[in-house]
Amino acid sequence: MSGALRIARRELRAYLVSPATYAVSVAFLGLTGITFFIVTDGSREASLRFWFPNLGFVLLVSVPIVTSRLIADEWRTRHLDVLLSRPISAAGLVVGKWLAAVALVLGLLAPTLVYAGFLAAWGRPDWPPTVASYVGAVLTIALFCAVGTMSSALTPTAVVAGLGSFALLVALQLVTSIDVLRPLSFQPHLDDFARGVPGLADLVYFVSGTAVALVVAGGWQRLRRRVLERGRALVAPGLALAAAVAVNLVPIPAQARWDLTAAGRFTLSEASREVLQHLGASATVTAFEPNGSPEANDAQVLLDQFTRADSRISRRIVDFSTSRGEALRLGVRDDGEVAVEVSGRREVISPLTELTLTSALQRLARGRAQQVCALAGHGERELDDTDPGGYDAARQLIEQNAISTARLDLTVADRIPPECTVLAMIDPHSPLLPREVQIIEDWMAHNGRMLVERDPNGPNLDALTTPWGLRLLPGIVFDPSRGLAGDPTSVLVNTFPTESPVAKDVSGALFVSAGGVTTAASEDTGLSVAKVAQSSESSYLHLDPSTTRYEPAKGDRGGPVVLAGAADRSMVQPGGETRVPSGGPSIARTRLLVVANAEWASNEFLGELGNRRLFANGVNWLAGEEDIVAVGGENPDLRRLTLTPSRRTLMGAVSMGGLPGVALVAGVLVWWRRRRR
Amino acid sequence: MLRARGLVVRYGPRAAVSGVDLELREHEILGLLGPNGAGKSTLLRRLAGLIHAQAGSVDLDGADPAVSAAARGRIGYLPEDPPLYAEDTALQYVSFLAALSGVRWRRRETAARAALERTGAEPLAGRLCGRLSKGQRQRVAMAGALVHRPDVLLLDEPSEGLDPRQMVSLRSLLDELRKTTSIVFSTHLLAEAQSVCDRVVVIDQGRVALERSLRADGAGHRVRVVVNGVKPGQLNEALLAVPGVRRAEKGICAVDGPAVSEAIAAAVCSRGWRLRVLAPVPDDLEAAFLAAVTSAPPLRGRE
């Protein structure tokens, strides 16, 4: 390798004084800027994961231009003789030229860090995957430059060298769609880095590909100079090529992969693993995605997580356009849909995410369907209301937990349908009719499960809750020490006094204008009542809305104030549920969850702190699925980029105009300085 | 110093160099003469270690430049019609070659300027190579070849593109370099070879067709003998009997050295013959060249 660095330094200097370099820079930064703007404007996500796969295309076009003349021109002009008559080796020459090309293209990539700056300024990027993406880009550049250097070493004609490397790189991308050859394509490996889930296989691919290209380049130059007999000269490149192909086709254990995403997006959550543990049957997942598409690759990465976690799950990824009969049989109507089959039952889901797939598996594995029936008729909040105070987000969360939803108006219905497994009363504004109360009481008496959420000014619901040891109190909770942004009624809750499954994995929640709940002792021996969440010691339940002071004389209650309580009566009796498929005790359950607030789970506040988790836990506990369900945390993918119109304009101007413009000005300055020498 | 034995270099079925033996002595300037396509450039490239031969060996004090980087570091090679990097200044280019040859960073620029000065290219130091004339390029390339003070210089047509004044400068440069360096250079110009070289080797169709010393004391290696009243056959017989006479024909003898002339004079006088002429014969390189080179058409393809 002697002389490699000296060769690299001179070559880089030559690049930097060549107007052609600046023309390539303008094109490169223009293309990357356009793709960045389009992708980021479309996704509005503070992430570069959608942009990096596009970088592969830009590099595929620009690197052959950069590398085409590296050795071909030296060969054509016979300057190669001048270089090789010095004490340097052919390998040193090849590596030196390659290093220079890599350094130049990295120099072109460096301004794209400005893109990351935009994301950091206007969003909250997940940095480890972003760094991994850049590492992947560096490895891709190293590979592309090695292929370009190799092509340039094989011919004395720069145009042929450029076209050759371009054709080879295009071929390496196109083999993505051929299953057997897919490991030889750079695209899935670059995509893995872009997702933030690089693996050993990806590293092996880039390192071996780069090495084999450089060995072939050096070997060809040795062959050309007859340093060895032809047969012997071909041995090293041949062996390197064979070894590279072999190590990339041999499967590397998929566990040798690092999920760098903050939320472990590409690692199955404990919740999903629990679901799989209780699946109790084999499952087949058939994803319909276009062959070789990024979506198909994403589906494969995700489904591989499931198949590795549970060998009873088998997966297939098929192209809708070529498998219409299969799609018809499975009830699939287009690409992007996924058929999930468990024990002869089938469901089609879309989109394919860990959440939707886990939910479907859980749903199909259940002995019976679960349904939350939301009561209506008294001004309750609606499950399909997308306004800030509505419960549309909560409905989606419920359905993600494999529980369907329905609306039930007992002012007109005379009974609670048998499909309803959980009743939800969310913030009624007027008292229930006696007939309704009676229907609900009867239903609860027969192992019913109900969620009651009521804001402080709501009607009296004592008739429904007190039989189960819970009672909603008048007044609003003030907590001066835990008020959000100085508002003592927006209470940050960090106290979950019991080991209730409802509060499992919840470290904090936000309640807004909440009331209080008392937990009363009950003579019912099978009944247990738990405080789910309570405010701090310094809080109080305030009755007089005209002041904010704590006034015990006027009936204010000192903290802590219980904000949510759960009642559970479980009895062993015939006709109940069995937990174990093979049998076990038959348990009949009645459950009531009372929350002295409805705002906390509204569209506006569900995403705050641990509200999503708390709500999902509550619904699942009521449905009796608390031992197998925990899906319902934050959406890990959600890293929003806040793009106001002015920011959008700035981002477009800098990425598509500013950076290429700087390259253009630099090129003009270089030309101006050298024109008189 | 630099020795080649039985070199054979083939391009496909054709032998560009075929069984060449060559030796370069210390502080010697050896001229390689030959028609186009004779194999001169191929031979120089092999001597520089740029290509390998199918047979034979090259060694520079025991090391083959084709496999020994250290040996290549002792050689300065100037190809025919030397290519330069158009985007480099002359100083940058020569400094780069100095770096490749292992000249230390601190000495690099000094060495490059000194080399440019020796070849008369110092005023071009700041000029871009891409804007130099052919003669200027040749001088810059020459500076690149000797920037690392090599022990052996291999010059392929170094006077190509030089004007007469520059050719005189080149001759004096080679004369100066001879003190520290051994030089092989190929040329088409016989007069140039005669004026510069100590020895010439004529290459034709890849073979050594003639090897001749051109040193001042070597000019008397042929002597003309004229004796009155003696038949040519008798004279030849008498001359061949003199130690040191290798050939004799029509009164012209090839002898081993100047001292043999005295022995010839003694031999003639001892026979009672009257010696009219005993004088060195001036070397006629052109005639020898033409005689050595066969009438076969020049080889096709690259040298």
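Bear in mind that the values here come from a model prediction, so they are computed numbers and not experimental data.

Peer 1: Hey, could you go over the overall build of chain A for me, with residue numbers and the actual values?
Peer 2: Helix and strand counts for chain A stand at 21 helices and 19 strands. For chain A, restricting intrachain contacts to residue pairs at least 6 apart in sequence, the fraction spanning at least 24 positions comes to 74%.

Peer 1: A description of the overall build of chain B should follow, citing residues and the corresponding values.
Peer 2: When you go through chain B residue by residue, the secondary structure sums to 10 helices and 13 strands. Out of the 303 residues belonging to chain B, those deemed buried represent 45%.

Peer 1: So what's going on with the interface of chain A and chain B? Residues and values would help.
Peer 2: Chain A puts 23 residues into the contact, and the matching count from chain B is 28 residues. When residues of the side of chain A that touches chain B are traced back to their parent elements, those giving at least two are helix 1 (4–16) and helix 5 (79–84) of chain A. By residue number, the principal contributor to the side of chain A that touches chain B is helix 5 of chain A, which donates 5 residues. Split by residue class, the side of chain A that touches chain B holds 8 nonpolar, 7 polar and 8 charged.

Peer 1: Please give an account of the sheet that holds strand 12 (residues 487–493) of chain A that cites residues and values.
Peer 2: Residue and element names in this part refer to chain A. Ordered by their spatial adjacency, 3 strands build an open sheet running 11-12-13, and the pairing between neighbours is antiparallel. Every other strand in the sheet has two partners, leaving strand 11 (483–484) and strand 13 (509–512) as the edge strands with one partner each. Two strands pair when backbone bridges link them, and strand 12 and strand 13 are joined in this way by 4 bridges, in the antiparallel orientation. Looking across to strand 13, one finds that V493 is bridged to A509.

Peer 1: Residues and numbers for the pairing of strand 11 (residues 245–249) of chain B, please.
Peer 2: Residue and element names in this part refer to chain B. Of the pairings in the sheet, the one linking strand 11 to strand 12 (residues 252–255) comprises 4 bridges and is antiparallel in character. Each bridged residue has a counterpart across the sheet, and for A248 the counterpart in strand 12 is C253. Hairpin connection between strand 11 and strand 12: a loop of 2 residues separates the two successive antiparallel strands, and K250 in this loop has a positive phi of roughly 50°.

Peer 1: How would you explain the packing of helix 8 (residues 127–154) of chain A against helix 11 (residues 200–224) of chain A if you had to name every residue and give the values?
Peer 2: Residue and element names in this part refer to chain A. Contact geometry for helix 8 and helix 11: axes closest at 8 Å, N-to-C directions at 20°. When the axes of helix 8 and helix 11 are compared, the pair comes out roughly parallel. Of the two elements, helix 8 crosses helix 11, and the hand of that crossing is left-handed. Here helix 8 contributes L139, T140, A142, L143, A146, V147, T149, M150, A153 and L154 to the contact with helix 11, which in turn contributes F206, G209, T210, A213, L214, V216, A217, W220 and Q221.

Peer 1: Can you tell me about the packing of helix 2 (residues 19–43) of chain A against helix 21 (residues 645–674) of chain A, naming the residues and giving the values?
Peer 2: All names here are of chain A. Remark: helix 2 packs on helix 21, axes separated minimally by 9 Å, with the N-to-C direction vectors making an angle of 175°. One element, helix 2, and the other, helix 21, form an angle in the roughly antiparallel class. Classifying every residue of the contact of helix 2 with helix 21 by side-chain character gives 17 nonpolar, 6 polar and 2 charged.

Peer 1: Can you tell me about the confidence of the model for chain A, naming the residues and giving the values?
Peer 2: Residues and elements named next belong to chain A. On average, residues of chain A score 86 in pLDDT, and 91% of them reach the 70 mark or higher. Throughout residues 579–583 the model reports pLDDT below 50, and contacts reaching past four residues in sequence, or to other chains, amount to 3 contacts. The low-confidence segment residues 628–636, where pLDDT is below 50, has 30 contacts with residues more than four positions distant or belonging to other chains.

Peer 1: Let's hear about the environment of A:L184: which residues, and what values?
Peer 2: All names here are of chain A. The topology assignment puts L184 in the loop between helix 9 (158–174) and helix 10 (186–195). For L184, a count of 19 C-beta atoms within 10 Å translates into the label partly exposed. Taking the C-alpha atoms as reference points, L184 and N248, 64 residues apart in sequence, are found 6.6 Å from one another.

Peer 1: Could you give an account of the sheet that holds strand 12 of chain B, with specific residues and numbers?
Peer 2: All names here are of chain B. The sheet built from 4 strands is open, its strands ordered 11-12-10-13 with antiparallel pairing. On the outer flanks of this sheet lie strand 11 and strand 13 (274–280), each paired with one strand and no other. Taking each pair of neighbouring strands and ignoring which way they run, the sheet shows an average axis angle of 20°. Against the sheet, helix 8 (residues 232–240) engages strand 10 (222–228), strand 11 and strand 12, with an angle of about 175° to strand 11. The sheet contacts of helix 9 (residues 259–270) involve strand 10, strand 11, strand 12 and strand 13, and relative to strand 13 the element is tilted by about 170°.

Peer 1: Give me the lowdown on unusual backbone geometry, citing residues and values where you can.
Peer 2: What is expected of a backbone is that most residues other than glycine have negative phi and most peptide bonds are trans. Cis geometry is found at the peptide bond from A:G559 to A:P560, where omega equals 0°. Looking at where A:P560 falls in the secondary structure, it is placed in the loop between strand 17 (557–558) and strand 18 (562–577). Of note, the phi angle at A:L609 is positive, near 45°, even though the residue is not glycine. One can find A:L609 in the loop between strand 19 (587–595) and helix 20 (611–622). The class of A:L609 is buried, set by 20 C-beta atoms lying within 10 Å. Its identity as a non-glycine residue notwithstanding, B:E157 has a phi of 50°, on the positive side. By secondary structure assignment, the location of B:E157 is in the loop between strand 6 (152–156) and helix 6 (164–177). Assessed through the 21 C-beta atoms surrounding it within 10 Å, B:E157 is described here as buried.

Peer 1: Just give me the short version of helix 2 of chain A, but keep the residues and values in it.
Peer 2: Residue and element names in this part refer to chain A. Here helix 2 spans 36 Å end to end across 25 residues, near enough to the 36 Å set by a 1.5 Å rise per residue. Residues of helix 2 that are buried: T21, Y22, V24, S25, F28, L29, T32, G33, T35, F36, F37 and T40. Each element contacted by the buried residues of helix 2 is listed here: helix 1, helix 3 (52–67), helix 6 (90–109), helix 7 (113–122) and helix 21. Once helix 2 finishes, R44 follows within two positions and takes phi at roughly 50°, a positive value.

Peer 1: For helix 5 (residues 134–146) of chain B, give the residues involved together with the corresponding values.
Peer 2: Residues and elements named next belong to chain B. The end-to-end C-alpha distance of helix 5, which contains 13 residues, comes to 19 Å, matching closely the 18 Å that a straight helix rising 1.5 Å per residue would cover. Burial analysis of helix 5 places 11 of its 13 residues in the buried class, the great majority of the element. All of the buried residues along helix 5 are Q136, R137, Q138, R139, V140, A141, M142, A143, G144, A145 and L146. Contact partners of the buried residues in helix 5: strand 5 (75–78), helix 3 (90–100), helix 4 (105–118) and strand 6.

Peer 1: Explain the environment of A:E347 to me, and be specific about the residues and the numbers.
Peer 2: Topologically, A:E347 is positioned in strand 4 (residues 345–349). Taking the C-beta count within 10 Å as the criterion, A:E347 has 17 such neighbours and is therefore assigned partly exposed.

Peer 1: Summarise the environment of A:L433; cite the residues concerned and give the values.
Peer 2: Residues and elements named next belong to chain A. By the secondary structure assignment, L433 is in the loop between strand 7 (422–426) and helix 18 (434–445). Residue class for L433 comes out partly exposed when judged on the 13 C-beta atoms lying within 10 Å of it. Through-space distance from the C-alpha of L433 to that of H378 is 9.6 Å; in sequence the pair is 55 residues apart.

Peer 1: Quick one: what's the story with the confidence of the model for chain B, residue by residue and with numbers?
Peer 2: One rule of thumb: low pLDDT means the predicted coordinates there are not for detailed reading. Residue and element names in this part refer to chain B. For chain B, the average pLDDT comes to 85, and 93% of its residues sit at 70 or higher. Per-element confidence in chain B ranges from a low mean pLDDT of 72 for helix 10 (residues 285–292) to a high of 95 for helix 3. Taken together, the stretch residues 216–220 has pLDDT below 50 and engages in 8 contacts with residues farther than four places along the chain or on a different chain. Here residues 295–303 scores under 50 on pLDDT; set against residues more than four positions off or in separate chains, the count is 17 contacts. At the level of chain-chain contacts, confidence expressed as ipTM amounts to 0.78, with global pTM at 0.67.

Calculation criteria
Residues numbered from 1 in each chain as written. Chains lettered and ligands numbered in written order. Predicted model: local features only at pLDDT ≥ 70, side-chain atom pairs only at ≥ 80, totals over all residues. Helix = DSSP H or I, 4+ residues; strand = E, 2+ residues; numbered from the N terminus. Contact = placed C-beta atoms within 7 Å. Buried ≥ 20, exposed ≤ 12 C-beta atoms within 10 Å, placed from the backbone. Nonpolar A, V, L, I, M, F, W, Y, C, P; charged D, E, K, R; others polar. Pairing = 2+ DSSP bridges. Axes fitted to C-alpha atoms, helices over the stretch in contact; angles between N-to-C directions. Parallel < 35°, antiparallel > 145°, perpendicular 65-115°, else oblique. Left-handed = near helix turned anticlockwise from the far one by under 90°. pLDDT = per-residue confidence, 0-100. Expected span 1.5 Å × (residues − 1).

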